[in-house]
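Overview (structure and organization)
Listed here are the chains, written in short residue letters.
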Amino acid sequence: MDLQDKVVLVTGGSAGLGEQICYAAAEKGAIVVTCARRINLIGQVKERCAELSGKEAYAFQLDVADPTSVDSLMEKVATEVGPVDVLVNNAGFGIFENFAEFEPTDIFKMFEVNVLGMMVLTQKVVINMIENQRPGHIVNIASMAGKMATPKSSVYSATKFAVLGFSNALRLELKPAAIEVTTVNPGPVKTEFFDKADPSGNYLKTLGNHVLDPQKLARKILRGVEHPKREINAPAYMEAAARFYTLFPRVGDLLAGGLFNKK
């Protein structure tokens, strides 16, 4: 897909990886629609996207966990922007905590944001793509945690396992409609995600140079839209570890509970 003049809608686009995906799309001449709860921040992202693309950019407030908010977003996009060509489901959060100590309200909220809200929005975008008979692309930001779970990530990993399963089935369903589905499975990315997931900051410190650069990852994701890929996994050594984990689960458990457990 040539992203020039294509409408790219990004959730969780106020900061971090979502923000960088917006900029990477704008650099390729796309019409960027950035969405998040923090309206003041997405306004700034919108302005920067317009500068980079030389085109109109848009910012709409969205609480992806609220179906009413999703409906409102879709109405605004249909009225003010036009059909969506690329949807990037980036909104999500995690909390690293032992499951026995997890607050039930946080479990529900994490599934509402990371899985259920994402599915509701995706369905609405997909229906429009099919009705308009337009090729399209759905990008779901999952995680290496959805392939290889570690201690203190039980709930977060469960949501990302769900994203992977949903994406794999959706890819097959949408193939006849020429709609691509890509899952992105990153390891730790240097973003404010960890402000909530690990307020102590110790997790990122222990990882050192193994943390991914969101700008570089965003550009890699956009290349995966231009030249469609089933999955984008990063970094390479974690992809290899995930494959090893699948083939040798007993040894994988030892590694996941020890070597790869930095929480």
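This text goes with the structure placed above it.
Scope of this entry: the structure provided in the associated data block.

So, how was this worked out
Residues numbered from 1 in each chain as written. Predicted model: local features only at pLDDT ≥ 70, side-chain atom pairs only at ≥ 80, totals over all residues. Heavy atoms only, no water. Pairing = 2+ DSSP bridges. Helix = DSSP H or I, 4+ residues; strand = E, 2+ residues; numbered from the N terminus. Axes fitted to C-alpha atoms, helices over the stretch in contact; angles between N-to-C directions. Contact = heavy atoms within 4.5 Å. 1 Å grid on protein atoms, 1.4 Å probe; cavity = no way out; pocket = protein on both sides within 12 Å on 5 of 7 lines; lining within 4 Å. Points joined across faces, edges and corners; volume = space filled by probe spheres on them. Nonpolar A, V, L, I, M, F, W, Y, C, P; charged D, E, K, R; others polar. Phe/Tyr/Trp six-rings, centres within 6.5 Å; stacked < 30°, edge-to-face > 60°. Buried < 20%, exposed > 50% of the residue type's maximum accessible area, 1.4 Å probe, protein only.

1. A word on the sheet that holds strand β6 (residues 179-186)
If you trace the 7 strands from one edge of the open sheet to the other, you get β3-β2-β1-β4-β5-β6-β7, paired in parallel fashion. On the outer flanks of this sheet lie β3 (58-61) and β7 (231-234), each paired with one strand and no other. Looking at each pair of strands side by side, their axes are set apart by 15° on average, direction ignored. Where β6 and β7 come together, 4 bridges link them in parallel fashion. When the bridges of β7 are listed, Pro186 appears paired with Ala234. On the sheet, helix α8 (residues 214-226) packs against β4 (86-89), β5 (136-141), β6 and β7 and is oriented at approximately 160° with respect to β7.

2. A look at the layout of surface pockets
Considered as a void within the structure, the second largest pocket measures approximately 190 Å³ in volume. In terms of lining residues, the second largest pocket is bounded by Met119, Val120, Thr122, Gln123, Val126, Ile127, Phe166, Ala169, Leu170, Glu173 and Leu174. Counting only elements with at least two residues in the lining of the second largest pocket, the list comes to α4 (104-131) and α5 (154-174). Element by element, the count of residues in the lining of the second largest pocket is highest for α4, at 6 residues. Split by residue class, the lining of the second largest pocket holds 8 nonpolar, 2 polar and 1 charged.

3. Structural notes on the packing of aromatic side chains
One pass over the structure, following the stated rule, counts 2 aromatic pairs. Where Tyr58 meets Phe60, the ring centres are 6.2 Å apart and the plane angle is 20°; that geometry is what we call stacked. An identical accessibility class is assigned to Tyr58 and Phe60; each is buried. A ring pair is formed by Phe96 and Tyr156, whose centres lie 6.4 Å apart and whose planes are at 75°; its orientation type is edge-to-face.

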